[in-house]
Amino acid sequence: MTREFQVQGVRVSELARRYGTPLFVYDGTVLRDRFHGLRDRLHPAMEIFYSLKANPNISICALLHSFGARAEVSSLVELTTALRAGVPPQQVIFLGPGKSRQELAACLDTGIYAVVCESIPEVALVDELARERGVKAPVALRVNPRFAVKRSGLAMGGRPRQFGIDEEELFGQTDLVKRFPDVDLMGVQVYMGTRILHETVIVENTTRILDLAERLSDALSIELRMVDVGGGLGVSYFDGESDLDAQVLTDGLNPVIEDFTARHPGTRMIMELGRYLTAEAGTYVMGVRYTKTSMGERFAVADGGTHHHMAAVGIGSFVKRNFPMAVLNRLDEPATEEWNVTGPLCTPGDTIGKKVPLPPVRPGDLIGVHRSGAYGPTASPGLFLGHGYPAEVLVHEGRCHLVRERDRPDDLLQRQRLYDPTAHDAADVPH
Ligand SMILES: *Cc1c(COP(=O)(O)O)cnc(C)c1O
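Since we're looking at a predicted model, the values are computed, not measured.

Definitions and limits used
- Residues numbered from 1 in each chain as written.
- Predicted model: local features only at pLDDT ≥ 70, side-chain atom pairs only at ≥ 80, totals over all residues.
- Heavy atoms only, no water.
- Helix = DSSP H or I, 4+ residues; strand = E, 2+ residues; numbered from the N terminus.
- Rg over C-alpha atoms; globule rule 2.2 N^0.38 Å.
- Buried < 20%, exposed > 50% of the residue type's maximum accessible area, 1.4 Å probe, protein only.
- Contact = heavy atoms within 4.5 Å.
- Areas by Shrake-Rupley, 256 points an atom, 1.4 Å probe, with all protein chains shown as cover.
- Lys, Arg positive; Asp, Glu negative; His and termini not counted.
- Charge placed at Lys NZ, Arg CZ, Asp CG, Glu CD.
- Polar contact = N/O pair within 3.5 Å; in protein donor to acceptor, adjacent residues only side chain to side chain.
- Near = heavy atom within 4 Å.
- Domains from an automatic or database assignment.
- Buried area = accessible area lost by both parts, 1.4 Å probe.
- Salt bridge = Lys/Arg side-chain N within 4 Å of Asp/Glu carboxyl O.
- Axes fitted to C-alpha atoms, helices over the stretch in contact; angles between N-to-C directions.
- Parallel < 35°, antiparallel > 145°, perpendicular 65-115°, else oblique.
- Nonpolar A, V, L, I, M, F, W, Y, C, P; charged D, E, K, R; others polar.
- UniProt positions renumbered as here; feature names shortened; annotations may be inferred.
- Core = buried A, V, L, I, M, F, W, Y, C linked by side-chain atoms within 4.5 Å.

What to know about the overall build of the chain
Here's step 1: Each helix and strand in the chain was counted, giving twelve helices and 22 strands.
Here's step 2: In terms of overall dimensions, the chain is globule-like: its C-alpha atoms have a radius of gyration of 24 Å, near the 22 Å expected for 431 residues.
Here's step 3: C-alpha extents for the chain along the principal axes are approximately 70 × 70 × 40 Å.
Here's step 4: The proportion of buried residues among the 431 residues of the chain is 54%.
Here's step 5: A fraction of 71% describes how many contacts in the chain between residues 6 or more apart in sequence connect residues 24 or more apart.
Here's step 6: When the accessible surface of the chain is summed, it comes to about 19,400 Å², and 52% of that surface belongs to carbon and sulfur atoms.
Here's step 7: Between the mean site of the 47 positive side-chain charges and the mean site of the 55 negative ones, the chain shows a separation of 3 Å.

Right, here's the structure in full:
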């Protein structure tokens, strides 16, 4: 018997048979362990908000919410997803540098906890929308701090960015409360960057953000009812990286949180986590269609590719580094060969893994990319070559749940309109 990858006792070959490939499979137990691994150690004053950006599937959101996560959203669809998943409005915050009037209106109409504004003109627009509605809009200010994060995968603050309002500028805006009477300025948010894998960096960031929030609320004379310290907690993907240790992290963070909450007992403290909660729970499963060699290198051409998993091409790196991968239906066979794992797209860029150590690969094998529960389909060009998005399955408590259907050709085509070059009844002439 060859050993097969299983999710809660469900064999991967069974999943492939039932749902087809390519396929994303999520393990609900891993999701729960990720959440509780941190939640149970983290100071209770710090609330965990799930960043839907990492994986916007409504069932993933609902499951994380059932464990205790709140929601951080950045689009109308994400807001709708969180609310439909059952997250109460007072556990939702909305963030993003380019919110539309419609999105801001939805924030006010649904009564979410806070709109995190990223520019002064945005605060002015929220003020106007609140006045129209006769409400006071709860607003937190996203600050682009003077300090930058060291050793993150991608820095979002501390340099010229479209995100947030520069710290220097904000300290000069002491009349904000007066200028925007229909806005309830109640909080501060800072998000420094993503993919941080050093506990000390997160502790240091948090310390500086809390200090900045205190100074800012003094300078602007606002009551600090909320402070959001961002997050950016990473997971390891590549050789040489190692995962954060939740115990070490919280041993460092909890005294900082305790200190702050002792001085500001009424202030809601928020941490936003995407990747950290979902990455490990997901596996991208591809079926091998053909194998071949080209100029001495082996290729496994699979039915899945970078149109579902752009992140696997490499994150912020010019050198291709591989995600953890395996032949899932023959886990016990030693990796004696090197394989390029490619997909169906007509571009050399459609390379999921380069020279991956694998056992001899055969057509019909199932190749899995582990740690793929974050920034998969949502961050990939699923429409490229008309392949569409794959099915997604959540396995929880030993049962399989199809949480997203695979795109069919009609799903992709029905939003296009056929222009008939022979018809002359020009329908859309501008007047
Ligand atoms: C992307 C993003 C997150 C989530 O980032 P992860 O690295 O997936 O945890 C949280 N907050 C903001 C503002 C973001 O832009």
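Considering the environment of Ser119
Here's step 1: Along the chain, the position of Ser119 falls in the loop between β7 (114-117) and α6 (120-133).
Here's step 2: Looking at Ser119, the relative accessible area reads 25%, which means it is partly exposed.
Here's step 3: At 3.2 Å, the side chain of Ser119 forms a polar contact with the backbone nitrogen of Glu122.

Considerations on the site of the ligand
Here's step 1: By nearness alone, every residue bordering the ligand is listed as Ser51, Lys53, Glu72, Leu95, Arg142, Tyr191, Thr194, Glu272, Leu273, Gly274, Arg275 and Tyr375.
Here's step 2: When the free accessible area of the ligand is taken as 390 Å², the share hidden by the protein chains comes to 94%.

Section: the domain arrangement of the chain
Here's step 1: By the assigned domains, the chain splits into domain 1 (88-273) and domain 2 (280-413).
Here's step 2: Measuring from the centre of the C-alpha atoms in domain 1 to the corresponding centre in domain 2 gives 35 Å.
Here's step 3: Facing seven residues of domain 1, the contacting portion of domain 2 comprises six residues.
Here's step 4: Summing both sides of the interface, domain 1 and domain 2 together bury roughly 730 Å²; the carbon and sulfur share of this comes to 56%.
Here's step 5: When the buried surface of domain 1 facing domain 2 is broken down by residue, Arg195, Tyr237 and Phe238 rank first, second and third, together holding 74% of it.
Here's step 6: For the interface between domain 1 and domain 2, the tally reads one salt bridge.

Let's talk about the packing of helix α9 (residues 199-220) against helix α10 (residues 246-263)
Between two packed helices, what matters for the description is the angle formed by their axes and the separation of those axes.
Here's step 1: Closest axis-to-axis distance for the α9/α10 pair is 8 Å, and the angle between their directions is 10 degrees. What the angle tells us is that α9 and α10 run roughly parallel. The segment α9 lies against α10, with Glu199, Ile202, Val203, Thr206, Thr207, Leu210 and Glu214 engaging Val248, Leu249, Gly252, Leu253, Val256, Phe260 and Arg263.
Here's step 2: Of the residues contributing to the contact of α9 with α10, the split by class is eight nonpolar, three polar and three charged.

Topic: the side chain of Ser380
Here's step 1: Mapped onto the secondary structure, Ser380 falls in the loop between β20 (366-369) and β21 (391-396).
Here's step 2: Within the structure, Ser380 has its side chain in polar contact with the backbone oxygen of Gly376 (distance 2.6 Å).
Here's step 3: Ignoring sequence-local partners within four residues, the contact set of Ser380 consists of Thr306, His307, His308, His309, Met310, Tyr375 and Tyr389.

Observations concerning the UniProt feature "active site" (unreviewed entry) in the chain
Here's step 1: Under the feature "active site" (unreviewed entry), the UniProt entry names Cys346.
Here's step 2: Within the secondary structure, Cys346 is located in the loop between β18 (337-342) and β19 (351-358).

Brief notes about the pattern of salt bridges
Here's step 1: Enumeration over the complete set of coordinates arrives at 33 salt bridges.
Here's step 2: Arg225 is the salt-bridge partner of Asp184, the closest N and O atoms lying 2.6 Å from each other. Of the two residues, Asp184 sits in strand β11 (residues 183-189) while Arg225 sits in the loop between α9 and β13 (226-231), which places them 41 residues apart along the sequence.
Here's step 3: Between Arg208 and Glu204 there is a salt bridge, and its shortest N-O distance comes to 3.4 Å. Of the two residues, Arg208 and Glu204 are both situated in helix α9; the distance of four residues between them amounts to about one turn of the helix.

Brief notes about the nonpolar core
Here's step 1: The biggest cluster of nonpolar side chains holds 108 residues, and the ones touching the most others in it are Leu64, Val139, Leu141, Leu170, Leu233 and Ile367.
Here's step 2: In terms of residue count, the dominant contributor to this core is α9 (nine residues).
Here's step 3: Here this core spans two domains, and each of domain 1 (88-273) and domain 2 (280-413) adds at least three residues to it.
Here's step 4: Not counting residues within four places of it along the chain, the set of residues in contact with Leu64 comprises Leu31, Phe35, Tyr50, Ala69, Leu277 and Thr278.
Here's step 5: One finds Val7, Leu366, Val393 and Val395 within the second-largest nonpolar core, a separate group that totals 17 residues.

Things to note about the environment of Leu253
Here's step 1: As for its position among the elements, Leu253 is in helix α10.
Here's step 2: Look at Leu253 and you get buried, because its relative accessible area is 1%.
Here's step 3: When near neighbours in sequence (up to four residues on either side) are disregarded, Leu253 contacts Leu42, Ile202, Val203, Thr206 and Met271.

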